[in-house]
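Inside the fold
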Amino acid sequence: MNKIILLITLIFSSFSAQASNLINDERIKDQINCFSSIYENYDSWRGFMEMKYKKRSKSKEALSDQLSWFDSMFGEEEFNKYKKNLSCKAFTYQVDGNDVHGYVVKPKKSAKKLPVLVYNRGGNGPFGSVQFGSMMHNLFPIANEGFVIIGSQYRGSQYPGTRAKNVMHDEFGGKDVKDVTELLDYIPKIEGADPQRIGMYGFSRGGMQTHLALKQVKNVKAIATIAGSTDLLQELNFRPAMEKVYTHRIPDYETNKVTELEKRSVINWVNELSSNVPILLLHGEDDKRISANSSVELADALAKKNIPHKLVIYSKDDHDLTKNKDKANKELVNWFNMYL
């Protein structure tokens, strides 16, 4: 009798663990709820941020400004809405035998299977990794419109500052592109996801990742880039400081600079792009990190090759599209609803 009870308990426990996962694949490890720890409720998150701001604020006025900014970016009403409507998990998966961190966000309730968007973040290494705040600001509004979103933090993002030989490193559009393409294998295992309707979009460096990933996969139906770089060599004239990132991240950069940058620049291989994958290009006119001309020039090249696309330049806006965030989100939602 005791053995039967134990067996039932083990089966129930296993089922409960599986049911709590968003990706039902044994290769996925450590699926942790995004709305946990300090993010379990709004007050604990805001309280944590207040303590953090206090440590670096030199005056009460500076602290007040920081908190005012936080409140304008992340309201309690929005937080509670997303916590009620969305499921979100951070997870670990393996690429080339090494652990890579990822995340998945999806509506809790849906009468039918939902289209999937692979999101490619900006930054490099740990800088620009997707934290809860960036999820709430950038991903939750899109997922809440009826999309499953899955993304990678890219290899090495969990090891800031290390150059250990046994750790895979972000190569800024090199082997790390596999961190993106590997995610597509897990899409059929996401609860409520439609593996026949996959889109991909990326911000900043993630725009480059998106184009590079599409050279390796064939089941993505539409893409979008936000402030994407299309010609890394030309961009050095616009922002010379990126040379430090390239030197640090790209293997053999000092001896093969032009070759490595051209490999990562979609403007050099527009001929290889599929006419069956429409491209949305969003960019701020006053972007100080990546010139808006990057998107303009790519749009011109796409037009010459009759590749379906749409270019939106937001007047007097910055790299993050701060002034037009809601409009940009609507463009993304409408674009992927149209083609997925």
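Two elements in contact, helix H4 (residues 76-85) and helix H5 (residues 132-143), have axes whose closest approach is 11 Å; the angle formed by their N-to-C orientations is 70 degrees. Taken as axis vectors, H4 and H5 run roughly perpendicular relative to one another. The segment H4 lies against H5, with Glu78, Phe79 and Tyr82 engaging Phe132, Met136, Phe140 and Pro141.

Our focus in this paragraph is the layout of surface pockets. In this structure, the second largest pocket encloses a volume near 490 Å³. Forming the walls of the second largest pocket are 22 residues, and the residues nearest its centre are Ala90, Val130, Gln131, Met135 and Gln153. Broken down by secondary-structure element, the contributors of at least two residues to the lining of the second largest pocket are strand E1 (29-33), strand E2 (86-95), strand E3 (98-107) and H5. A per-class count over the lining of the second largest pocket returns 10 nonpolar, 11 polar and 1 charged.

Right, let's talk about the packing of aromatic side chains for a bit. Taken as a whole and judged by the stated rule, the model has 24 aromatic pairs. An aromatic cluster is present here, built from Phe35, Tyr39, Tyr42, Trp45, Trp69, Phe70, Phe74, Phe79, Tyr82, Phe132 and Phe140 joined pairwise through their rings. The ring of Trp269 has Lys215 sitting right over it, with the charged end atom 4.2 Å from the ring centre.

Next up on the list: the sheet that holds strand E7 (residues 222-226). The strands making up a sheet are joined through hydrogen bonds of the backbone, oriented either antiparallel or parallel. Spatial ordering of the open sheet is given by E1-E2-E3-E5-E4-E6-E7-E8-E9, a layout of 9 strands whose pairing is mixed. Edge strands, defined here as strands with exactly one partner in the open sheet, are E1 and strand E9 (309-314). Across the sheet, the axes of successive neighbouring strands diverge by a mean angle of 20 degrees, strand direction being ignored. Sheet topology note: the strand E4 (residues 114-120)/strand E6 (residues 193-203) ladder contains 6 bridges and is parallel. Bridge pairing in E6 places Tyr119 opposite Tyr201. Sheet strands in contact with helix H12 (residues 325-339) are E4, E6, E7, strand E8 (279-284) and E9, and its direction is about 165 degrees off that of E7.

How each quantity is defined
- Residues numbered from 1 in each chain as written.
- Predicted model: local features only at pLDDT ≥ 70, side-chain atom pairs only at ≥ 80, totals over all residues.
- Heavy atoms only, no water.
- Axes fitted to C-alpha atoms, helices over the stretch in contact; angles between N-to-C directions.
- Helix = DSSP H or I, 4+ residues; strand = E, 2+ residues; numbered from the N terminus.
- Parallel < 35°, antiparallel > 145°, perpendicular 65-115°, else oblique.
- Contact = heavy atoms within 4.5 Å.
- 1 Å grid on protein atoms, 1.4 Å probe; cavity = no way out; pocket = protein on both sides within 12 Å on 5 of 7 lines; lining within 4 Å.
- Points joined across faces, edges and corners; volume = space filled by probe spheres on them.
- Nonpolar A, V, L, I, M, F, W, Y, C, P; charged D, E, K, R; others polar.
- Phe/Tyr/Trp six-rings, centres within 6.5 Å; stacked < 30°, edge-to-face > 60°.
- Lys NZ or Arg CZ within 6 Å of the ring centre and 35° of its normal.
- Pairing = 2+ DSSP bridges.

In short, geometric facts, not functional conclusions.
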